[in-house]
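These are the residues of each chain, in order.
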Amino acid sequence: MSSAVVDLPEEQHPDRVRLRFLQSGEDRAVKEARVLAGTTIFDAASWNGVAIDSTCGGHGTCKKCKVKVVSGNAPISPVDPRAFTVEELKNGWRLACRANTQEDLTIEVPTLQTRPKAALAGVGRHVILRPAVQKRYVELEEPTLDDQRSDLERLLDAMDDVEPRVPLEVVRTLGHVLRASDWKVTAVLADDVLVDVEEGDTSGSRHAIAFDLGTTTVVATLLDLETGLPKAVRSILNAQQPFGADVISRISAIMMEDDALERLQQHAHETLQQLTGEVCAEADVDPAEVYEIVVTGNQTMIQIALGIDPEPLSMAPFTVVTRSMPEATATDFGVAVHRRAPAVTFPALGAYVGPDIVAGILATGITLDRRVRLFIDVGTNSEIVLGSSAKTIATAAPAGPAFEAAQIRCGMRAADGAIEGVKIVDGEVELAVIGDVAPLGLCGSGLVDAVAELVGAEMLDHSGRFILDTSERFGKIGEENVFYLSDEVYLSQRDVRELQFAKASIATGWNLLCRDLDMEPEEIAQVLLGGSFGSYLSAASAVKIGLVPRLPLTRIVSAGNVAGEGAKIAALSVTERAAAKAVLDEVEYVELSGRADFNDLFVDQLAFPG
């Protein structure tokens, strides 16, 4: 066992831990993840494509999510003694859904022994496996002079419970396929379309790919539709980056350059296709066995990928070309899988509360819950959803690029060398750096931590001004006051102002939604922080700077990549796919830009809480 475990770094940070998953089997596949302390092993595995058996959705009742902690310590939960012997507990066996991570761990995940009937997806929610892609193996009788039904009639009669639409391309090859296979074939259906007829029995192999087409990062998950489990997950930077870091920059490029839309579309297609090749290669799956793709992303990304001019999204009255896209295929997104694979997209509530947020609403189940919950996708344009099964409303708050660290003096992406966490203890600064290397810059979560810690240490007043005589780490760069986090990385007074404007915009958004629902922020049962940035944001720091309501930290949850989770849910269940379409009727979109009360409340939210 010890030979398979690589030493973890000794220096740890109380807010974030690194998990190494060792998957049982001959290949001993290894996956790593960095998550907030307190995240359960089960959630961390789910977000990172590591399959752990479960049928109860992580509620601790089925006792199937058994894992073995082989390095580090995971406390024994009250439920664990009901699932394991005393000896097994001593050897590190735990229920993944009850094992909270408080330090770096190496975890062995047993190979799944059974095919689950339900597939866990999203945040604390499971769905019944009912994909749109179905396969039917049939053995047909050969035609005779007494039975001269057409080839297509013969096939459809053998599947008399469905009435699919049949493309011309399928009919062109049908006769040859039937005769070459001795009349033993597998029909491939996607919703109500006969996608293909394959020789022999291929009913055990059907896949889909769920894409989250983000402005910065694109994620692809290859799903086995037989089991509902992910077979491979990959992410890469969006190849559109040379056109700017945000959607406004890319729309501006399209407005200024005649061929920019075509080039941006091509970059989106290249990104999606690269990920397709990677996940299929990792799982050893023929791309032709991927019969459907599901794509989510913000409205600008989706329109560009489909070659639709996004210019009207950037200026009042901020109109989308359509709330629900017409039928599309994988080819329309530049993805080379099965040649007739459909592409499923999500509807949009508005120009800036788009398909990715609808996917997030689906994943979090906000409209299904009697509790009032707040979902915030933190980013340059931060989307906010508040509500319950009684009523749900949504809006978008222009937070600016602070959370992406784009306008921060020492800002950088969340990559090796980025300070992602900061603690100030008795005046001493403790840093958590991605990759455990020398700090090179500051990413968004590190920025929030740094400001929150300075507020807590009374080195930054509630108006956002440095208190210069409280630390020797204060200095000047030119005429600007700065606080040195390391010898080379510092936080400037302007950086603090950037963060204040960003957090005030978001706080104004959820405060206004609370007003519209005639409720106080303290009545919110749970806050879900989503998006690539929100997933790594410290709940304590978010509360300290006023980014989220002042609630007990246990009610503030890192929701992970809920857009990607929503895409997976739509691939796994036609019932959930219908629920996503229903969001247009269930959720009310609120436009903040024209509200008279926005500016006054925004000014009030600039200060850090007392």
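Residues numbered from 1 in each chain as written. Predicted model: local features only at pLDDT ≥ 70, side-chain atom pairs only at ≥ 80, totals over all residues. Heavy atoms only, no water.

Caption draft 1: Representation of the overall build of the protein within the structure. Each helix and strand counted, the protein has 16 helices and 28 strands in total. The C-alpha atoms of the protein give 26 Å as radius of gyration, which agrees with the globular expectation for 610 residues (25 Å, within 12%). Based on the C-alpha atoms only, the size of the protein along its principal axes is roughly 100 × 65 × 45 Å. Expressed as a percentage of its 610 residues, the buried residues of the protein come to 56%. On the protein, the mean spot of the 55 positive side-chain charges and the mean spot of the 90 negative ones are 5 Å from each other. (Helix = DSSP H or I, 4+ residues; strand = E, 2+ residues; numbered from the N terminus. Rg over C-alpha atoms; globule rule 2.2 N^0.38 Å. Buried < 20%, exposed > 50% of the residue type's maximum accessible area, 1.4 Å probe, protein only. Lys, Arg positive; Asp, Glu negative; His and termini not counted. Charge placed at Lys NZ, Arg CZ, Asp CG, Glu CD.)

Caption draft 2: Seen up close, the sheet that holds strand β16 (residues 342-345). Here 6 strands make up an open sheet; going across it, the order is β13-β12-β11-β14-β16-β15 and the pairing mixed. Each edge of the open sheet carries a strand with a single partner, namely β13 (229-237) and β15 (328-329). Of the strand pairs in this sheet, strand β11 (residues 207-213) and strand β14 (residues 290-297) are connected by 7 bridges, and their pairing is parallel. When the sheet's bridge partners are listed, Ile-209 is paired in β14 with Ile-293. (Pairing = 2+ DSSP bridges.)

Caption draft 3: Structural view of the pairing of strand β3 (residues 66-71). Where β3 and strand β4 (residues 93-95) come together, 3 bridges link them in antiparallel fashion. Residue pairing across strands places Lys-66 opposite Leu-95, the latter belonging to β4. With 3 bridges joining them, β3 and strand β5 (residues 105-109) adopt antiparallel strand pairing. Within β5, the position partnered with Ser-71 by the bridge is Thr-106.

Caption draft 4: Structural view of the packing of aromatic side chains. This model, assessed by the stated rule, comprises 7 aromatic pairs. Seen from their ring centres, Tyr-484 and Tyr-490 are 5.9 Å apart, and the 65 degrees between their planes marks the pair as edge-to-face. Given the relative accessible area of 13%, Tyr-490 is considered buried. With a centroid separation of 6.1 Å and 15 degrees between ring planes, the pair formed by Phe-501 and Phe-602 is classed as stacked. Of the two residues, Phe-501 is situated in helix α11 (residues 493-516) and Phe-602 in helix α16 (residues 598-605); the sequence distance between them amounts to 101 residues. Judged by its relative accessible area of 45%, Phe-501 falls in the partly exposed class. Through a chain of ring-to-ring contacts, the aromatic side chains of Phe-466, Phe-474 and Phe-483 assemble into a single cluster. (Phe/Tyr/Trp six-rings, centres within 6.5 Å; stacked < 30°, edge-to-face > 60°.)

Caption draft 5: Summary view of the packing of helix α6 (residues 247-256) against helix α7 (residues 260-283). With their axes 7 Å apart at the nearest point, α6 and α7 run at an angle of 135 degrees to one another. Taken together, the axes of α6 and α7 are oblique relative to one another. Along the contact surface, α6 presents Arg-250, Ala-253 and Ile-254, while α7 presents Ala-260, Leu-261 and Leu-264. Within the contact of α6 with α7, the residues separate by chemical class into 5 nonpolar, no polar and 1 charged. (Axes fitted to C-alpha atoms, helices over the stretch in contact; angles between N-to-C directions. Parallel < 35°, antiparallel > 145°, perpendicular 65-115°, else oblique. Contact = heavy atoms within 4.5 Å. Nonpolar A, V, L, I, M, F, W, Y, C, P; charged D, E, K, R; others polar.)

Caption draft 6: Helix α15 (residues 574-586), seen in detail. Along its 13 residues, α15 runs 18 Å from first to last C-alpha, staying within 8% of the 18 Å computed at 1.5 Å per residue. Those residues of α15 not exposed but buried are Glu-576, Arg-577, Ala-580 and Val-583. Those residues of α15 that are buried are in contact with β7 (126-128), β14, β16, α9 (355-364), α14 (562-572) and β28 (587-589). If you check the start of α15, you find a side-chain oxygen 3.3 Å away from the backbone N of Thr-575, and it comes from Ser-573. (Expected span 1.5 Å × (residues − 1). Polar contact = N/O pair within 3.5 Å; in protein donor to acceptor, adjacent residues only side chain to side chain.)

Caption draft 7: Just the pattern of salt bridges, in detail. Counted according to the given criterion, the structure contains 31 salt bridges. A salt bridge links Arg-149 to Asp-157; the shortest N-O distance between them is 2.8 Å. Between Arg-409 and Glu-480 there is a salt bridge, and its shortest N-O distance comes to 2.9 Å. Here the residue Arg-409 occupies a position in the loop between β19 (392-398) and β20 (418-425), and Glu-480 occupies one in strand β24 (residues 480-484), the gap between them amounting to 71 residues. Ionic contacts of the salt-bridge type, sharing partners, join the residues Arg-16, Arg-34, Glu-420 and Asp-449 into one network. (Salt bridge = Lys/Arg side-chain N within 4 Å of Asp/Glu carboxyl O.)

Caption draft 8: Quick peek at the sheet that holds strand β22 (residues 441-442). Spatially, 3 strands are ordered β21-β20-β22 in an open sheet, and the strand pairing comes out mixed. If you trace the sheet from one side to the other, it starts and ends with β21 (428-433) and β22, each paired once. Against the sheet, helix α10 (residues 444-456) engages β20 and β22, with an angle of about 15 degrees to β20.

Caption draft 9: Quick look at a negative patch on the surface. Residues Asp-518, Glu-520, Glu-522 and Glu-523 make up a contiguous surface patch of negative charge. The topology assignment puts Glu-522 in the loop between α11 and β26 (526-530). (Patch = residues over 30% accessible without salt bridge, like charges linked within 9 Å, V, L, I, M, F, W, Y side chains within 5 Å. Areas by Shrake-Rupley, 256 points an atom, 1.4 Å probe, with all protein chains shown as cover.)

Caption draft 10: Molecular detail of unusual backbone geometry. With a phi angle near 55 degrees, Asp-426 is a residue other than glycine that sits in the positive phi range. Judged by its relative accessible area of 77%, Asp-426 falls in the exposed class.

Caption draft 11: Spatial organisation of the confidence of the model for the protein. Per-chain confidence: the protein averages 87 in pLDDT, with 91% of residues scoring 70 or above. Counted against residues more than four places away or in other chains, residues 1-12, with its pLDDT under 50, gives 23 contacts. Low pLDDT, under 50, characterises residues 112-124; the stretch is placed with 36 contacts to residues that sit more than four places away or in other chains. (pLDDT = per-residue confidence, 0-100.)

Caption draft 12: Expanded view of the environment of Asp-157. One can find Asp-157 in helix α4 (residues 151-157). For Asp-157, a relative accessible area of 42% puts it in the partly exposed group. Of note is the side chain of Asp-157, whose polar atom sits 2.8 Å from the side chain of Arg-149.

Caption draft 13: Region of interest: the pairing of strand β9 (residues 184-190). Most of β9 is tucked away: 6 of the 7 residues are buried. In this sheet, β9 lies alongside strand β8 (residues 133-139) in antiparallel orientation, the contact comprising 7 bridges. Bridging across to β9, Lys-135 finds its partner in Val-188. A loop of 2 residues connects β9 with strand β10 (residues 193-199), the two strands running antiparallel in sequence, and Asp-191 in this loop sits at a positive phi of about 60 degrees.

Caption draft 14: Spotlight on the nonpolar core. In this structure, Ile-209, Phe-211, Ile-293 and Phe-346 are the most contacted members of the largest nonpolar core, which totals 80 residues. Ranked by size, the runner-up nonpolar core spans 67 residues in total, among them Leu-386, Ala-405, Leu-513 and Ile-545. (Core = buried A, V, L, I, M, F, W, Y, C linked by side-chain atoms within 4.5 Å.)

Caption draft 15: The packing of α9 against α15, seen in detail. One way to put it is that α9 packs onto α15 with a least axis distance of 10 Å and a crossing angle of 125 degrees. With respect to α15, the axis of α9 lies oblique. The handedness of the crossing between α9 and α15 comes out as right-handed. Contact residues: Val-358, Ile-361 and Leu-362 in α9; Glu-576, Ala-579, Ala-580 and Val-583 in α15. Looking at the contact of α9 with α15 residue by residue, the class counts come to 6 nonpolar, no polar and 1 charged. (Left-handed = near helix turned anticlockwise from the far one by under 90°.)

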